[in-house]
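Architecture and fold: a report
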Amino acid sequence: MHYVESFDRNQMMMTTWDSMVDPESTARLIDAFVDSLDLSEYGVKETASEGRPPYDPRSLYKLYIYGSDNGIKSSRKLAKSCKVNVEVKWMLGGVEPDFRTIADFRKDNIDSMKKIFREFNKRISGAVEWGFASIDGSKFAACNSKDNNFTKNKLDDRIKWLNGHIEEYLRILDDADKQDDLEDTPENLTKELIEEKLKEARERLERYEGYQKIMEESGQSQMSLTDADAKLMKSKNGFTVAYNPQTAVDSNTHMIRDFQMTNQVTDHGLLASTLEEVRRESEGIIETVADRGYESEEDMVKCLEDGIIPHVITDDGKDGYEIEIGYREAEADIASTDPEELKKALHAGLIPEAYKEVISDMEVTEVRRKVSDETEEDTEAASIYGTPEEMQARAKEGYFVRDPERNLVYCPNGEILRQKCVKKNGNIRYANKNACRHCPNRNKCYKGKNEWKEIDFTKDCLEKPCKDWLKAEGKTPDKNKSTKGKYHFENKRVVKFFLKPNREKTAERMCLSEHPFGTIKRAMGFTYFLLKGMKKVTGEFALMCLGYNIKRAKNLLGFDKMMELMVVGSC
């Protein structure tokens, strides 16, 4: 059988490096784009003038951008590409920096990555027409394992577990001292081994108690040891320590117009902040769509004040959102799209002309609101409820007792309930799923549908009776003197209006936001971060977005138009 003949490896050939690179290779676009940049605008750090000459920073920028476009993120793999990849050799002129040089350059110039990403978008904007933006977030795993992440509940469970083991080790050693041997223990469990395990358990207990103290003093809900900025988040694949980057994807081009790196567990309140830079660079009103996870009245009001129309998907059966804001009398130009004029008009009860299609039923009305009379001194005095031991003793009588200084609740069974969330009305919700699942007295405390008890406290409430527990023990609840705060009612003027999202635009959301994340994660292979810290992962994600935008813009505009934009610069 005949096969396609290959060349003779010993045959000499006359060629050029340029002829070995495809005429429409993305490497040529990256090369032209980086060569046209004024690196002085990006704060590129200069290396020492003595010793061996440094590598050209343009070469290293080209290397990183090429890596982001081709799914190569590791500095060692990039260093290998300098030796074996023809396109990389062509871009860098044959220089072969080692992995340490490549990694140090990224570390020293990480701030410039997002600026370069925005510069690329600025050049593309001269050839495309932007539409509305679709906002969404996705979880990207951080460089931090779950074992090196601690929540308050996780620390409570481990401290309780270690205390139990320490008590058991001490009991075994006490029995051994009385009997002068260890006849009743397994053969491989010697006295020296038990003492070693006891020492190790005490060291771990001291370390965990230190973590707990730091978290309570700083008010953190969790702590990550490897990457301090990463948080434990729930994703489709369960819980993982991750970041939650937010992207603004354009409806016309499907390109990522901008992004915001966050470690916020949910998407609430991130609409206005994600579009801040896009709004600054745009003229007139811009529109955005988002899913139900962005449902936040304050965030939607902030968008409207900034000249952004938020089309947030509503719950089934709802046509829109009933919004209430404070009234401030003012004269405003309702025809203007300036954020200051828009803000004045909204708070004065006037509908700006740009919002007439989405805002209706606006009225100025008077409402009655509860206002707290407590001063800081009153709150401080009310928070002093005794020592933790006294609180636990009170809780065992059949009460949920709240420690406002440590922000926790003691339950009647002696377990600690930690803050789960803060509700819209300001109440703090506490729960401990693991403790409730294994509680021997669960039926005396909770008979609901869920597997655990959740209890809400106002900021001035220090205890609540567990009625089923008290009833089971034949007791009646004591009058709780700590639950009522000092307050009075006031009449306030507010502006109420109805915000109705555009259903046609919201229907396009899934086809916009999911596509870039799918391409970045599956096609390009960027499912996790290599770097640590908010600052560094922001630069790393900027490279991911730039790699995606280069692919998308080339498919959209073609090679020749792209090369023209990369060489000429901003249009």
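Here the structure is shown first, and the text comes after it.
For the structure given in this document, a descriptive report is provided here. (Residues numbered from 1 in each chain as written. Predicted model: local features only at pLDDT ≥ 70, side-chain atom pairs only at ≥ 80, totals over all residues. Heavy atoms only, no water.)

Remarks on the packing of aromatic side chains
- Counted according to the given criterion, the structure contains 13 aromatic pairs.
- Taking 5.7 Å as the distance between ring centres and 85° as the angle between the ring planes, the aromatic pair formed by Phe33 and Phe120 counts as edge-to-face. Taken together, the residues Phe33 in helix 1 (residues 26-35) and Phe120 in helix 6 (residues 112-124) connect sequence positions 87 residues apart. The same class applies to Phe33 as to Phe120, namely buried.
- Plain terms: the ring middles of Phe140 and Phe517 are 6.2 Å apart, the flat faces sit at 55° to each other, and that makes the pair tilted. Within this pair, whereas Phe140 is found in strand 2 (residues 140-141), its partner Phe517 is found in helix 19 (residues 509-523), the two being separated by 377 residues in sequence.
- Look at Phe140 and you get buried, because its relative accessible area is 0%.
- Across the ring face of Trp90, the terminal group of Arg28 is positioned such that the distance to the ring centre comes to 5.0 Å. (Phe/Tyr/Trp six-rings, centres within 6.5 Å; stacked < 30°, edge-to-face > 60°. Helix = DSSP H or I, 4+ residues; strand = E, 2+ residues; numbered from the N terminus. Buried < 20%, exposed > 50% of the residue type's maximum accessible area, 1.4 Å probe, protein only. Lys NZ or Arg CZ within 6 Å of the ring centre and 35° of its normal.)

Focus on the side chain of Asn244
- Inspection of the secondary structure puts Asn244 in the loop between strand 6 (238-243) and strand 7 (246-250).
- One polar contact links the side chain of Asn244 to the main-chain amide nitrogen of Ser138, over a distance of 3.4 Å.
- Those residues within four positions of Asn244 in sequence are excluded, and the remaining contacts are Gly137, Ser138, Lys139, Met233, Gln260, Thr262, Gln264, Val265, Thr266 and Asp267. (Polar contact = N/O pair within 3.5 Å; in protein donor to acceptor, adjacent residues only side chain to side chain. Contact = heavy atoms within 4.5 Å.)

Let's talk about the environment of Ile359
- Counting through the fold element by element, Ile359 comes out in strand 12 (residues 359-372).
- Sequence separation between Ile359 and Pro501 is 142 residues, and the spatial gap between their C-alpha atoms is 9.0 Å.
- The contacts of Ile359, once residues within four sequence positions are left out, are Leu304, Leu346, Ile351, Phe497, Phe498 and Leu499.

Things to note about the pairing of strand 1 (residues 133-137)
- With 5 of 5 residues buried, strand 1 lies mostly within the body of the structure.
- Alternating positions in strand 1 separate into two faces, Ala133, Ile135 and Gly137 on one and Ser134 and Asp136 on the other, with burial throughout.
- Alignment of strand 1 against strand 9 (residues 286-290), held across 2 bridges, turns out to be parallel. Paired with Ser134 across the strands is Val289, a residue of strand 9.
- Where strand 1 lies against strand 7, 5 bridges are found, and the strand directions are antiparallel. Counterpart to Gly137 in the pairing with strand 7 is Gln246. (Pairing = 2+ DSSP bridges.)

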